[in-house]
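Listed below are the residues making up each chain.
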Number of protein chains: 2
Amino acid sequence: MNIQKAENRLVIENEFFKHKAKALKPELNKKLSHPISSIETVRDNASIHGWKSVFHEKAEELKSKSFEKGESFILDFGTHHVGYLSLDIEPVGSPPDAPLHMRLTLGEMPIEVSEPFSEYDGWISSSWLQEETFHVDILPSRVDLPRRYSFRYVKVEILDTSPKYNVSFKNVICNTVTSADSSKLVSLTSTDDKEIEKIDEVSIKTLQDCMQDVFEDGPKRDRRLWLGDLRLQALANYETFQNNDLVKRCLYLFAALPNEKGQIAANLFIEPKLIPDDTYLFDYSLFFTTTLHDYYQATKDNETLEDLWPMAHKQIELALARLDEKGIVKDDESWWSFIDWNDDLNKQAPSQAVLIYAMKKAQHLARILEDKDKVHNLELKIQAVTHATTQHLWDEELEFFVSGANRQVSWASQVWMVIAGVFDSEKNREIMDKLFEKKPNIVMNTPYMYHHLVEALLQVGNKQKAVSVIKQYWGGMIKDGADTFWELYNLSDKNYSPYGSHLINSYCHAWSCTPTYLIRKYRL
Amino acid sequence: MNIQKAENRLVIENEFFKHKAKALKPELNKKLSHPISSIETVRDNASIHGWKSVFHEKAEELKSKSFEKGESFILDFGTHHVGYLSLDIEPVGSPPDAPLHMRLTLGEMPIEVSEPFSEYDGWISSSWLQEETFHVDILPSRVDLPRRYSFRYVKVEILDTSPKYNVSFKNVICNTVTSADSSKLVSLTSTDDKEIEKIDEVSIKTLQDCMQDVFEDGPKRDRRLWLGDLRLQALANYETFQNNDLVKRCLYLFAALPNEKGQIAANLFIEPKLIPDDTYLFDYSLFFTTTLHDYYQATKDNETLEDLWPMAHKQIELALARLDEKGIVKDDESWWSFIDWNDDLNKQAPSQAVLIYAMKKAQHLARILEDKDKVHNLELKIQAVTHATTQHLWDEELEFFVSGANRQVSWASQVWMVIAGVFDSEKNREIMDKLFEKKPNIVMNTPYMYHHLVEALLQVGNKQKAVSVIKQYWGGMIKDGADTFWELYNLSDKNYSPYGSHLINSYCHAWSCTPTYLIRKYRL
């Protein structure tokens with residue numbers, strides 16, 4: 001065991017776990033793909049972000065064209081791609097008497113190849129915007145771009161050649177990468193509903209493009225292993241690609257690097273060396289426990305369960321230590337729990353629910369491990385915390401759970417309390433019905449939170465409403481042009497971004513891939 | 001023999017010559033170099049281009065600093081460098097949760113790291129401006145920039161990191177490259193004049209930085225083998241590094257690729273494959289002959305002389321074919337002969353002089369080869385062309401040579417007629433004296449033309465004036481901050497550029513390296 005001294009905390013490294021995770025590093029599946037057409041983008045108020053793509057000509061026309069300084073074109077690869085771009089560049093005219101200077105801009109959505117990145121003013125780093133400006137000194141040349149991109153569209157701009165030559169582009173390809181193996185994909189057989197089939201397909205594409213060396217949250221941004229995303233990806237994976245070793249790898253990675261208290265970080269950096277981010281979130285740490293539970297359910301892998309159970313139980317202990325004297329999770333002003341992207345959302349009640357939910361999963365694992373003391377102990381805790389919850393967070397008059405000092409009523413609180421099973425099925429059903437009737441102001445902004453809404457509906461047996469939400473929400477994204485599901489989608493504000501600009505939003509995001517899980521698991 | 005079908009002409013390839021040239025490809029000498037200091041640049045009307053560099057701190061202070069989004073600094077390597085840049089980049093703060101986006105701008109002169117390249121509006125390609133904008137996805141990272149740069153200053157701009165981390169830079173190095181071997185440099189012994197010694201030193205540095213796989217015209221721009229530059233570099237080389245095989249290689253390269261008439265191109269592209277540019281210049285083609293002459297004088301390499309003599313003689317024949325019925329080189333409106341960068345300069349008379357000069361060198365080679373027919377034939381031609389020149393281009397009243405339909409009197413015409421020896425020494429001396437007395441309006445813009453002015457002065461024995469011109473002109477560049485001599489320098493307009501912007505001028509340029517030749521050859 002090593003101690004990693006990071007900037008602002010100690011990290012306790014478990015070499016055995018690191019070694020196990022490393023041994024599970026997947027070989028990536030590669031496949032060459034070509035652009036389908038060139039397009040133009042035009043302003044259109046009816047399209048998302050105000051831009052729509054318009055077919056210009058077939059991609060095969062490209063090779064017969066040449067371009068001079070100031071010219072540009074946009075290639076459309078037909079759907080979302082994650083991979084490496086290569087292209088042949090040939091000079092046309094006199095021998096090239098100056099370098100070629102060019103820019104590539106890669107976009108998952110039309111807006112990214114339409115509005116200049118220089119106008120980006122969001123608060124997270126502009127370095128996520130996918131563009132490369134480079135010189136080519138020797139022509140003809142095959143250019144292999146070294147960075148991995150996540151895109152459908154590639155804008156090519158000729159910044160300068162010389163008055164003596166133009167350039168022509170041939171053999172533009174994307175070498176796609178994923179650790180998902182399409183040949184192992186489980187077929188969808190439970191439905192004839194074309195809309196559901198399409199949503200299932202886009203979910204799988206989303207999952208596939210996020211499956212790399214680890215489960216990434218988004219291949220454009222952050223390209224990182226987050227516990228909240230991992231939990232949902234793993235659920236979708238069990239129903240589809242069944243690359244269970246990738247889940248196992250990620251669990252060992254997280255378990256390898258707790259802080260000095262034993263808490264598991266919200267996300268990890270894999271390269272150049274494995275380090276945990278200095279972000280610790282109440283709900284995400286607990287999802288280590290629930291993800292281990294789900295993994296065991298899918299695999300019955302006792303060895304992994306035995307290895308990781310102490311870490312999983314530790315997360316429960318640490319979360320319980322946050323309870324106040326009334327048995328309620330302490331709230332504070334910091335970004336202590338995630339739940340959803342919503343500055344107005346109070347996190348206390350939904351976090352309390354996540355704790356109850358995780359304790360129940362932990363108790364199930366304790367039962368499997370025949371750890372009677374822990375089963376008993378957890379039972380007492382579950383009862384106590386559930387009791388505290390109904391005592392202090394349930395508002396009998398409002399018939400809703402409330403959260404925080406201002407007794408906020410949010411969708412998130414109700415949804416998580418239902419998932420946690422704080423009340424019985426009947427009462428839960430009433431809560432869900434009432435939620436749709438009263439529609440609290442504190443809404444859901446992410447597919448991540450919408451997933452939990454649907455899961456809650458399914459738990460109370462309201463399949464019809466669940467399907468309707470899936471069709472409205474994820475189906476809405478498809479109608480708005482999604483090839484893969486997006487990080488953010490707010491039906492009442494389609495330009496919503498928590499980052500200050502929808503240019504930086506991720507349009508292939510792991511936590512949005514869950515319809516395939518919901519559709520298959522619940523046979524929708 | 002192969003026929004290369006280029007865009008607008010046929011090229012007759014000589015595989016034997018290509019093979020000989022390839023076998024002479026030099027190993028480059030490499031040396032690691034570090035920045036000396038960091039600087040700031042400030043507006044200063046007394047400095048060239050209005051910018052001067054001011055010491056900020058020692059370069060070793062860099063490693064203890066960190067930089068955030070929007071910050072920048074300028075490193076000074078102390079003198080001119082040609083080579084490859086590498087640097088270590090380390091994150092400071094939380095683990096880097098977004099790529100680093102940064103820009104390097106490399107400048108031979110302070111102005112290049114002071115004025116934004118986006119304001120460049122010259123007519124030659126902006127792609128010559130040395131800058132790289134790139135992302136680093138994984139930190140810490142050693143970044144090895146793949147392109148070769150020609151620079152003294154490196155501006156480093158942090159375009160974006162993330163709110164969670166800054167970056168620090170360490171081990172910034174330049175791996176310099178040259179085919180000049182400093183250990184073989186001939187010492188300067190003929191003078192005690194410190195100013196002349198300094199000019200000799202800067203000449204040699206200029207030559208050294210232009211000596212790569214071939215003699216390049218300028219390592220920043222065009223990085224190309226031009227015949228006019230080669231001729232002068234070769235002369236400087238014989239007096240200094242004596243890498244005569246590099247001259248030989250370049251002669252074979254040029255000889256390998258004449259057009260279908262046998263004319264040698266003004267310049268060659270070496271990579272990705274050897275091709276001649278589609279520029280053919282009257283004077284430059286003739287310099288193949290004179291460069292072969294000078295090479296033989298330096299080496300007595302009979303094999304090369306015998307190989308290349310037919311091509312050398314061919315250039316004379318082709319030039320003679322341009323004579324009109326009066327025996328004068330036909331003028332036209334195109335860019336048919338170089339002579340100097342000066343839009344107002346008529347090229348007819350100086351080109352006529354270059355022809356006579358080249359014929360005399362050719363005749364000398366014919367004598368060495370004991371080719372009596374050619375010696376005799378060239379004698380007749382030299383007499384005829386010289387006679388035509390004195391008949392039609394000498395203005396008895398003005399006592400100057402005139403050029404073109406408008407009978408232009410230029411410095412270039414007089415200088416080249418003196419070098420060609422159209423008149424005897426005494427009359428040539430009078431012409432040179434009168435030139436400095438009358439100072440025609442059609443001036444000289446390049447060190448290339450100034451070289452010929454000094455050579456003409458030395459040929460008429462005016463050593464004092466020659467030294468005075470060298471000190472005023474090349475010494476002037478040093479006073480204006482030259483570490484290597486510049487492509488362009490006009491004493492009366494120091495911002496002069498034939499390209500519409502002095503940002504794009506080359507500040508290490510082969511044709512400016514000749515003072516070392518003049519100083520050593522004529523023992524100044």
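Residues numbered from 1 in each chain as written. Chains lettered and ligands numbered in written order. Predicted model: local features only at pLDDT ≥ 70, side-chain atom pairs only at ≥ 80, totals over all residues. Heavy atoms only, no water.

### Let's talk about the overall build of chain A
Move 1: In terms of helices and strands, chain A carries 13 helices and 16 strands.
Move 2: If one aligns the C-alpha atoms of chain A with their principal axes, the spans along those axes are about 85 × 55 × 45 Å.
Move 3: A total of 524 residues make up chain A; the buried ones form 65% of that total.
Move 4: Taking contacts inside chain A between residues at least 6 apart in sequence as the whole, the part at least 24 apart equals 75%. (Helix = DSSP H or I, 4+ residues; strand = E, 2+ residues; numbered from the N terminus. Buried < 20%, exposed > 50% of the residue type's maximum accessible area, 1.4 Å probe, protein only. Contact = heavy atoms within 4.5 Å.)

### Brief notes about the pattern of salt bridges
Once their charged atoms are close, side chains differing in charge can pair, the charge on each being opposite to the other.
Move 1: Tallied over the entire structure, the rule returns 81 salt bridges over all chains.
Move 2: We note a salt bridge from A:Asp137 to B:Arg223, for which the minimum N-O separation is 3.2 Å. A residue pair is termed interchain when its members come from two chains, as with A:Asp137 in the loop between strand E8 (131-136) and strand E9 (141-144) and B:Arg223 in the loop between helix H2 (194-210) and strand E12 (225-226).
Move 3: Judged by its relative accessible area of 34%, A:Asp137 falls in the partly exposed class.
Move 4: Salt-bridge contacts for B:Lys471 lead to B:Asp193; the nearest nitrogen and oxygen are separated by 2.5 Å. Pair noted here: B:Lys471 is in helix H12 (residues 463-479) and B:Asp193 is in the loop between strand E11 (165-178) and H2, with a separation of 278 residues, a long-range link.
Move 5: Connected via shared salt-bridge partners are A:Lys164, B:Arg221, B:Asp222, B:Arg224, B:Asp277, B:Asp278 and B:Glu487. (Salt bridge = Lys/Arg side-chain N within 4 Å of Asp/Glu carboxyl O.)

### Focus on helix H4 (residues 244-255) of chain B
Residue and element names in this part refer to chain B.
Move 1: Compared with an ideal rise of 1.5 Å per residue, which puts twelve residues at 16 Å, H4 spans 17 Å between its outermost C-alpha atoms and is within 8% of the ideal.
Move 2: Here H4 lies mainly inside the structure; eleven of its twelve residues are buried.
Move 3: Within the span of H4, buried status applies to Asn244, Leu246, Val247, Lys248, Arg249, Cys250, Leu251, Tyr252, Leu253, Phe254 and Ala255.
Move 4: Elements that come into contact with the buried residues of H4 comprise helix H1 (15-23), E12, helix H3 (227-239), strand E13 (267-269), helix H5 (282-299) and helix H6 (302-320). (Expected span 1.5 Å × (residues − 1).)

### Details of the environment of A:Ser38
Residue and element names in this part refer to chain A.
Move 1: For Ser38, the location among the structural elements is in strand E4 (residues 37-43).
Move 2: Taking relative accessible area as the criterion, Ser38 reaches 8% and is therefore assigned buried.
Move 3: Expressed as a C-alpha distance, the spacing of Ser38 and Val186, which sit 148 residues apart in the sequence, is 34 Å.
Move 4: Apart from the residues within four sequence positions on either side, Ser38 is in contact with Val54, Phe55, His56, Glu57, Lys58, Ala59, Ile74 and Leu75.

### Some words on the relation of the copies chain A and chain B
Move 1: When chain A is fitted onto chain B, the two copies agree to an RMSD of 0.1 Å after a turn of 179° and an axial shift of 0.1 Å. Such a combination of turn and shift is consistent with a two-fold rotation axis. Among all residues of chain A, the one whose C-alpha sits closest to the rotation axis is A:Thr133, at a distance of 3.1 Å.
Move 2: The overlap is high: 100% of the interface residues of chain A also sit at the interface in chain B, so the same surface is used on both sides. (Least-squares fit on C-alpha atoms with pLDDT ≥ 70 in both.)

### Thoughts on the domain arrangement of chain A
Residues and elements named next belong to chain A.
Move 1: When its domains are assigned, chain A resolves into domain 1 (29-178) and domain 2 (182-189 + 201-521).
Move 2: Using only C-alpha atoms to locate each centre, domain 1 and domain 2 end up separated by 37 Å.
Move 3: Between domain 1 and domain 2, the contact holds 29 residues from the first and 29 residues from the second.
Move 4: Both faces considered, domain 1 and domain 2 share a buried interface measuring about 2,600 Å² in area, 58% of it formed by carbon and sulfur atoms.
Move 5: At the boundary of domain 1 with domain 2, the tally comes to three salt bridges. (Domains from an automatic or database assignment. Buried area = accessible area lost by both parts, 1.4 Å probe.)

### Observations regarding the nonpolar core
Nonpolar side chains tend toward joint burial in soluble globular proteins.
Move 1: Core analysis: the biggest nonpolar cluster contains 144 residues, and B:Tyr284, B:Phe288, B:Leu355, B:Met432 and B:Leu453 have the highest contact counts within it.
Move 2: For this core, the element with the most residues is helix H7 (residues 348-368) of chain B, which contributes eleven residues.
Move 3: Each of domain 1 (1-27 + 211-321) and domain 2 (29-178) of chain B gives at least three residues to this core.
Move 4: Residue contacts for B:Leu453: discarding those within four places in its chain leaves B:Trp411, B:Val415, B:Met432, B:Leu435, B:Phe436, B:Met444 and B:Val469.
Move 5: Membership of the second largest hydrophobic core comes to 142 residues, among which are A:Ile111, A:Trp226, A:Leu308 and A:Val415. (Core = buried A, V, L, I, M, F, W, Y, C linked by side-chain atoms within 4.5 Å.)

### What to know about the sheet that holds strand E14 (residues 275-276) of chain A
All names here are of chain A.
Move 1: What the three strands build is an open sheet, ordered E12-E13-E14; its pairing is antiparallel. Of all the strands in the sheet, the pair left with one neighbour each is strand E12 (225-226) and E14.
Move 2: The pairing of strand E13 (residues 267-269) with E14 spans two bridges and is antiparallel. When the bridges of E14 are listed, Phe269 appears paired with Ile275. (Pairing = 2+ DSSP bridges.)

### Brief notes about the interface of chain A and chain B
Move 1: Each partner contributes residues to the interface: chain A has 40 residues there, and chain B has 40 residues.
Move 2: Broken down residue by residue, the surface that chain A buries against chain B is led by A:Pro95, A:Ser127 and A:His135, which jointly contribute 17%.
Move 3: Inspection of the chain A/chain B interface yields eight salt bridges.
Move 4: A:Lys164 serves as the salt-bridge partner of B:Asp277, at 3.4 Å between the closest nitrogen and oxygen.
Move 5: Linking chain A with chain B are 26 residue pairs in polar contact (both at pLDDT 80 or more).
Move 6: With four residues, E8(A) is the largest single contributor of residues to the side of chain A that touches chain B.
Move 7: Among the residues forming the side of chain A that touches chain B, the class breakdown is 16 nonpolar, eleven polar and 13 charged. (Polar contact = N/O pair within 3.5 Å; in protein donor to acceptor, adjacent residues only side chain to side chain. Nonpolar A, V, L, I, M, F, W, Y, C, P; charged D, E, K, R; others polar.)

### Regarding the sheet that holds E13(B)
Residue and element names in this part refer to chain B.
Move 1: Taken in spatial order, the three strands line up as E12-E13-E14 in an open sheet, and their pairing is antiparallel. What marks the edges here is a single partner per strand, and that holds for E12 and strand E14 (275-276).
Move 2: Sheet analysis places E12 next to E13, joined by two bridges and oriented antiparallel. Within the sheet, the bridge partner assigned to Trp226 lies in E13 and is Asn267.

### Some remarks on the packing of aromatic side chains
Move 1: Overall, the coordinates contain 62 aromatic pairs over all chains when judged by the stated rule.
Move 2: Ring centres of B:Phe16 and B:Phe17 lie 6.0 Å apart, and the angle between their planes is 45°; on these two criteria the pair is classed as tilted.
Move 3: Relative accessible area serves as the criterion here: at 44%, B:Phe16 is assigned to the partly exposed category.
Move 4: Looking at B:Phe17, the relative accessible area reads 7%, which means it is buried.
Move 5: Following the ring pairs from residue to residue traces out a cluster consisting of A:Trp123, A:Trp226, A:Tyr284, A:Phe287, A:Trp335, A:Phe338, A:Trp341, A:Tyr357, A:Trp416, A:Tyr448, A:Tyr499 and A:Trp511.
Move 6: For the cation-ring pair, A:Lys427 lies above A:Phe423, with the distance from its terminal atom to the ring centre recorded as 4.3 Å. (Phe/Tyr/Trp six-rings, centres within 6.5 Å; stacked < 30°, edge-to-face > 60°. Lys NZ or Arg CZ within 6 Å of the ring centre and 35° of its normal.)

### A few points about the environment of B:Leu87
Move 1: Residue placement: B:Leu87 occurs in strand E6 (residues 72-93).
Move 2: Not counting residues within four places of it along the chain, the set of residues in contact with B:Leu87 comprises B:Met102, B:Ser141, B:Arg142, B:Val143, B:Leu145, B:Phe169, B:Lys170, B:Asn171 and B:Val172.

### Considering the layout of surface pockets
Over the atoms, a rolled probe matching the size of one water molecule traces out where space is still vacant.
Move 1: For the second largest pocket, the calculated volume is near 1,100 Å³.
Move 2: Secondary structure elements with two or more residues in the lining of the second largest pocket: strand E7 (100-107), E8 and strand E10 (149-160) of chain A together with strand E7 (100-107), strand E8 (131-136) and strand E10 (149-160) of chain B. (1 Å grid on protein atoms, 1.4 Å probe; cavity = no way out; pocket = protein on both sides within 12 Å on 5 of 7 lines; lining within 4 Å. Points joined across faces, edges and corners; volume = space filled by probe spheres on them.)

### Quick notes on the state of the cysteines
All names here are of chain B.
Move 1: Per the stated rule, a full pass over the model turns up zero disulfides over all chains.
Move 2: This cysteine, Cys174, is not joined by any disulfide, and Cys508 carries the nearest cysteine sulfur, 13 Å off.
Move 3: Its sulfur unpaired, Cys513 is 6.9 Å from the next cysteine sulfur, which belongs to Cys210.
Move 4: Of the residues examined, Cys513 reaches a relative accessible area of 0% and is grouped as buried. (Disulfide = S-S within 2.5 Å.)

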